[in-house]
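So you can see what is in the structure, the chains are spelled out below.
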Amino acid sequence: MRDAAVLAYLPDPFGLGRAEFFLSEGEGQSRRIAAVEVAKTAVPLVTVEAARLITELRSLGAAPPPNLIDLGEALRLLRGKAKNDGGAKAADPWRMLKQVSSGGPCETATGSFHQMFVSETEWPDETVRLAVAEQVLGVLRAAWHATVDEMDASGELQRFDEIERPVARVFYARQSAGISVDLAKIETLISVADREKYTAYNRIAETLGVSPSGLTFRNVGPWLERTDAAHLAPHISAANFEEYVRLAATYSTFAAQLVTLVRATRDLRALARLRGDAAGVARPEFQIMGTVTGRILVSNPALQQMRRSYRDVLAARPGKRLAYLDFAQFEPGIFGSLAADRPFLERYNTGDIYRELALALFETADRRDVAKRMFLSFSYGMSPDRIVDILGGGARAETLAAFQAFVSEFPGLMRFRKEMEAALQQAGHVETALGNRRYRTSSGELRHDERRWAVSQAVQGTASLVFKEAVLRMTDQLGEQVVLLPMHDAVLLELSEETYDADVLVAERAMLSALHNRCPEVRGRVVIADHF
């Protein structure tokens, strides 16, 4: 993999099918090639911004090469920083190329090529482009060598080579092939989402006394004191503030309306993007290391963020049928396994943890979804005291006592949290079975947010590993073409109608075997539906 070929390309600034591609298969060997040659390049091929490359290739009638490697994906795994800790900057491949070329003979060429890459103006003449591209290919090769060496030294190379690369292949192919869209449903769904958005908009305007245009989770802070969600004001800078608002929506009318406003706005944005393709095919972009924990993120459009009531805009092709397979109580099981908490695992394997917690806190199973949010917040390192503060409501003391009593039945969970905090304090990072480290960006005693993510990195990082291994197991047996979309702890598949039942069983077994491989004490469950 270290000796991979490297590919530099210039996207067409005017959308006229004039993108250019430059390949180097060895030191001092570089040439300009056509899109079809890129698609046929069988050796590992390193580039930057793979999603953009796939779009350019498709505009020229070419598929992505089978062993495409995005330098940025490797850097996101290697740098181990969340976006709010400067992760985007640290993993920026262009930044690395400029660092590698800094002070050398290729520094000017690297800057010029980047300018051409992002520019919407005419390029310089062909002779200049070829000369600049040749130098940039050398810089890209040097950057890749340095990245591989660093991944090897830090213990991340195995995960990248065995997990991230083959998973990327699945979703790069999906971006190119696309996902079918039911155009007949889009206008109706847009109307529904639009009404939902403006109902919430008007109710928020009544509460605040001003227009809430542009109101989001990030800028709502100055208005909270006017609402029944004023208790959230001290937490406005939290990286996961959206989850705080969604939890508070249990009792807060304002929080509930804000959640509706923001999510309806997102749905409208995604639906409008889907409507824009008259061919009825969506081609979302996939970031394989989308979060510091290794979760896959989908954008352009953000299909993962669409609420369930709008997702049926995605459709199966003729002769195919959709299958939605969802790990049930995925992260609590992983949490219990990592903590080796026998009492918890016994309860988990024989019942429904969320339902039990709902009964303990609210004396009804109807609030299972609220209990789920509370337990996941606990799994991600938040204290019961803070969770109950954010929840709000009038029975704080009783709810807190019940929550503390519930989690106290599982001392291994708290012990594991303390172990992860100690590991972060001592080593400066937390990791999973195959690396995927997250590093501290400060020194001294752990901050509150660091104590929280010390455990969440272990739990969610393991979850992302299991999910990706499950994808690889099912594609090994069913083919890469069956996977349409990752949905957090679930996956959307497109299967043949003729073999649907058998294929669903294969996919379910692949998911359960991947979970059992990493968490052998967990009796996993997969919920299966023909819609999502």
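Being a predicted model, the structure only gives us computed values, none of them experimental.

Undergrad: Could you give an account of the sheet that holds strand 15 (residues 526-529), naming the residues involved and the relevant values?
TA: Across the sheet, four strands lie side by side as 13-14-10-15; this open sheet has antiparallel pairing. Strands with a single pairing partner mark the edges of an open sheet, and in this sheet they are strand 13 (483-487) and strand 15. Taking each pair of neighbouring strands and ignoring which way they run, the sheet shows an average axis angle of 20°. Sheet topology note: the strand 10 (residues 320-327)/strand 14 (residues 490-496) ladder contains seven bridges and is antiparallel. Pairing of Leu322 across the sheet is with Glu494, part of strand 14.

Undergrad: Pulling in residues and values, what's your account of the pairing of strand 2 (residues 20-26)?
TA: Here strand 2 lies mainly inside the structure; six of its seven residues are buried. For strand 1 (residues 5-10) and strand 2, the ladder comprises five bridges, and the chain directions are antiparallel. For Ala8, the partnering residue across the bridge sits in strand 2 and is Phe22. The pairing of strand 2 with strand 3 (residues 29-33) spans five bridges and is antiparallel. Bridging across to strand 3, Phe22 finds its partner in Arg32. Taken together, strand 2 and the strand that follows it, strand 3, pair antiparallel across an intervening segment of two residues, in which Gly28 is found at a positive phi of about 75°.

Undergrad: An account of helix 16 (residues 384-391) is needed here, citing residue identities and associated values.
TA: Those residues of helix 16 not exposed but buried are Pro384, Ile387, Val388, Ile390 and Leu391. The buried side chains of helix 16 occupy one side of the element, clustering within an arc of 160° when seen end-on. Backbone geometry just after helix 16 places Gly392 at a positive phi near 75°.

Undergrad: So what's going on with the pattern of salt bridges? Residues and values would help.
TA: Tallied over the entire structure, the rule returns 36 salt bridges. For the salt bridge of Asp312 with Lys185, the shortest nitrogen-to-oxygen distance reads 3.6 Å. Of this pair, Asp312 sits in the loop between strand 9 (297-299) and strand 10 while Lys185 sits in helix 9 (residues 183-208), placing them 127 residues apart in sequence. Judged by its relative accessible area of 38%, Asp312 falls in the partly exposed class. For Arg368, the salt bridge goes to Asp352, with nearest N and O atoms at 2.9 Å. You can see Arg368 sitting in helix 15 (residues 368-379) and its partner Asp352 sitting in the loop between helix 13 (342-350) and helix 14 (353-362), a full 16 residues away along the chain. Arg368 gets classed as partly exposed once you look at its relative accessible area, which sits at 26%. Salt bridges sharing partners connect three or more residues here, namely Glu20, Arg32, Glu126 and Arg129.

Undergrad: So what's going on with the pairing of strand 1? Which residues, and what values?
TA: Extensive coverage of strand 1 is indicated by the burial of six of its six residues. Judged from the two bridges that link them, strand 1 and strand 4 (residues 45-47) form a sheet pairing that is parallel. Its bridge partner lying in strand 4, Val6 is registered against Val46.

Undergrad: Describe unusual backbone geometry, and please don't skip the residues or the numbers.
TA: In this structure, the amide linkage connecting Asn300 to the following residue, Pro301, adopts the cis form with an omega of 5°. Assignment of secondary structure puts Pro301 in the loop between strand 9 and strand 10. In this structure, Ala340 is a non-glycine residue whose phi angle is positive, near 50°. Turning to its location among the elements, Ala340 is positioned in the loop between helix 12 (330-339) and helix 13. Of note in the backbone geometry, Glu363 takes a positive phi value of approximately 60° without being a glycine. Position of Glu363 among the secondary structure elements: in the loop between helix 14 and helix 15.

Undergrad: Please set out the nonpolar core residue by residue, giving values where relevant.
TA: Counting residues in each nonpolar core, the largest one holds 176 residues, and the members touching the most others are Phe21, Phe113, Trp144, Met374, Leu485 and Leu493. In terms of residue count, helix 19 (residues 448-478) provides more of this core than any other element does, 14 residues in total.

Undergrad: Give me the lowdown on the packing of aromatic side chains, citing residues and values where you can.
TA: Within this structure, the stated rule accounts for 17 aromatic pairs. Here the aromatic rings of Phe22 and Phe113 are separated by 6.4 Å at their centres, their planes lie at 75°, and the arrangement is edge-to-face. A residue pair is termed long-range when its members are at least 10 positions apart, and Phe22 in strand 2 and Phe113 in helix 6 (residues 107-118) qualify at 91 residues. Residue class for Phe22 comes out buried when judged on its relative accessible area of 2%. Given a relative accessible area of 2%, Phe113 falls into the buried group. Aromatic side chains Phe241 and Tyr244 sit 6.4 Å apart centroid to centroid with 55° between the ring planes, which places their arrangement in the tilted category.

Calculation rules
Residues numbered from 1 in each chain as written. Predicted model: local features only at pLDDT ≥ 70, side-chain atom pairs only at ≥ 80, totals over all residues. Heavy atoms only, no water. Pairing = 2+ DSSP bridges. Helix = DSSP H or I, 4+ residues; strand = E, 2+ residues; numbered from the N terminus. Axes fitted to C-alpha atoms, helices over the stretch in contact; angles between N-to-C directions. Buried < 20%, exposed > 50% of the residue type's maximum accessible area, 1.4 Å probe, protein only. Arc of directions from axis to C-beta. Salt bridge = Lys/Arg side-chain N within 4 Å of Asp/Glu carboxyl O. Core = buried A, V, L, I, M, F, W, Y, C linked by side-chain atoms within 4.5 Å. Phe/Tyr/Trp six-rings, centres within 6.5 Å; stacked < 30°, edge-to-face > 60°.

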